[in-house]
Amino acid sequence: ALVSAGGTAVGDLIGAYRAGDRKAAAEAGRRLLDLLLDLDELLASRPEFPADRVEWESVAPWRDGLLLAAWRRFAERPAPELEGELLEFRERNAAWLGEYSLFAALKRAHGGARWTEWTEDLSGGIPDALTAWRRRHQDMVRAEEFAQFLFDRQWRAVRQEAARSGVRIIGD
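Residues numbered from 1 in each chain as written. Predicted model: local features only at pLDDT ≥ 70, side-chain atom pairs only at ≥ 80, totals over all residues. Heavy atoms only, no water.

A. Region of the structure containing the nonpolar core. One finds Ala70, Trp71, Phe74, Ala79, Leu82, Leu86, Phe89, Leu97, Ala143, Phe146, Phe149 and Leu150 forming the largest nonpolar core, which totals 12 residues. Broken down by secondary-structure element, the contributors of at least two residues to this core are helix 4 (56-76), helix 5 (80-92) and helix 9 (138-164). For this core, the element with the most residues is helix 9, which contributes four residues. (Core = buried A, V, L, I, M, F, W, Y, C linked by side-chain atoms within 4.5 Å. Buried < 20%, exposed > 50% of the residue type's maximum accessible area, 1.4 Å probe, protein only. Helix = DSSP H or I, 4+ residues; strand = E, 2+ residues; numbered from the N terminus.)

Right, here's the structure in full:
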């Protein structure tokens, strides 16, 4: 839409999505979902969402459940076409991914509470406590890594489509 209207730049991810080829994005997403989730089960579990707005407080728990289900299915039966990509992503982002994923898993396990409200050993960054927690909740930590991998994959696809269409993404 943006390109056909003569536009050449968008300022954020929302603009990039609106400017992009939704059909191509939907097809890519569908292929990924086919690899990671049972689509019949997915559609059966989809809650009713308003058609005229996004209610993030309703969408986020469903999305998070899908991401966890996708991770678990991938962990049980890795898709060969994604395995190498995930390993490369982990290597490329080793400087931040482990710590971020641990933090995100801890936050989720604490119901979204601020880190200052967690137990003192975890909020204080006690290495032994964090290592023990990571070991006990490895699935949650890996699921967070996997969610970051999927986001990175989608973001790169948006950027590639934007570049192919002559659209510049400003700010990232």
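B. Inspection of the packing of aromatic side chains at higher detail. Applying the stated criterion to the full structure yields eight aromatic pairs. For the ring pair Trp96 and Tyr100, a centre distance of 6.0 Å and an interplane angle of 65 degrees mean the geometry is edge-to-face. On the basis of relative accessible area, Trp96 is assigned to the partly exposed category, the value being 35%. Given the relative accessible area of 36%, Tyr100 is considered partly exposed. When the ring of Phe146 is compared with that of Phe149, the centres are 5.9 Å apart and the planes differ by 40 degrees; the resulting orientation is tilted. Of this pair, Phe146 and Phe149 are both found in helix 9, three residues apart, which corresponds to roughly one turn of the helix. With respect to class, Phe146 is no different from Phe149; both count as buried. (Phe/Tyr/Trp six-rings, centres within 6.5 Å; stacked < 30°, edge-to-face > 60°.)

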